[in-house]
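Reading the structure
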Amino acid sequence: MKARIIVTLKTGVLDPQGKAIEAALRSLGIEGIDSVRQGKVFDLEVSAGDGPAAEATLRTACEKLLANTVVENYAIEIL
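Residues numbered from 1 in each chain as written. Predicted model: local features only at pLDDT ≥ 70, side-chain atom pairs only at ≥ 80, totals over all residues. Heavy atoms only, no water.

Just so we agree on the cut-off: UniProt positions are given in the numbering used here, feature names are shortened, and annotations may be inferred rather than shown by experiment.
Going by the annotation in an unreviewed UniProt entry, the name recorded for the chain is Phosphoribosylformylglycinamidine synthase subunit PurS, with Methylobacterium pseudosasicola given as the source organism. Listed under Sequence similarities (unreviewed entry) in UniProt, the entry text for the chain is "Belongs to the PurS family." Checking UniProt for the chain, the heading Subunit (unreviewed entry) contains the comment "Part of the FGAM synthase complex composed of 1 PurL, 1 PurQ and 2 PurS subunits."

Structure representation (structure tokens):
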């Protein structure tokens, strides 16, 4: 089973990397982008037999390693 985990900063958390990307786009002459928030995407293959078991495994992976839940949110998609 394939899954995707998207990790983003929580609202209100400063994003210096996003600001740097925003500035770089402007310096390259790319107009019309008002704001950039940087995140992470993980594509995984899970051997769990069914959706609920896979989702439980992925939630554990997020809570323990893939996301810093103090400052980041995560979303799990079963593909």
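Concerning the side chain of Glu22
Threshold: In this text, helices come from DSSP runs of H or I with a minimum length of four residues, and strands from runs of E with a minimum of two, each type numbered from the N-terminal end. Exposed residues in this analysis have more than 50% of their type's maximum accessible area, buried residues have under 20%, and partly exposed residues fall in between, with area computed by a 1.4 Å probe over protein chains only. Contact criterion: two residues are considered in contact whenever any of their non-hydrogen atoms come within 4.5 Å of each other.
Within the secondary structure, Glu22 sits in helix H1 (residues 16-27). Taking the relative accessible area as the measure of exposure, Glu22 reaches 8% and is therefore buried. Once residues lying within four places of it in the same chain are set aside, the contact partners of Glu22 are Asp34, Ser35 and Val36.

Points about H1
Which entries qualify depends on this criterion: Each residue after the first adds 1.5 Å to the expected span of a helix. By definition, the arc is the one covered by directions from the helix axis to the C-beta atoms.
A rise of 1.5 Å per residue sets the reference length of H1, with its twelve residues, at 16 Å; its end C-alpha atoms lie 16 Å apart and thus fit the reference within 8%. Burial in H1 covers these residues: Gly18, Glu22 and Leu25. For H1, the angular spread of the buried residues around the axis is 65°, confining them to a single face. Projecting away from the buried face of H1 at angles above 90 degrees are the exposed residues Pro16, Lys19 and Ser27. At the exit of H1 stands Gly29, carrying a positive phi of roughly 85°.

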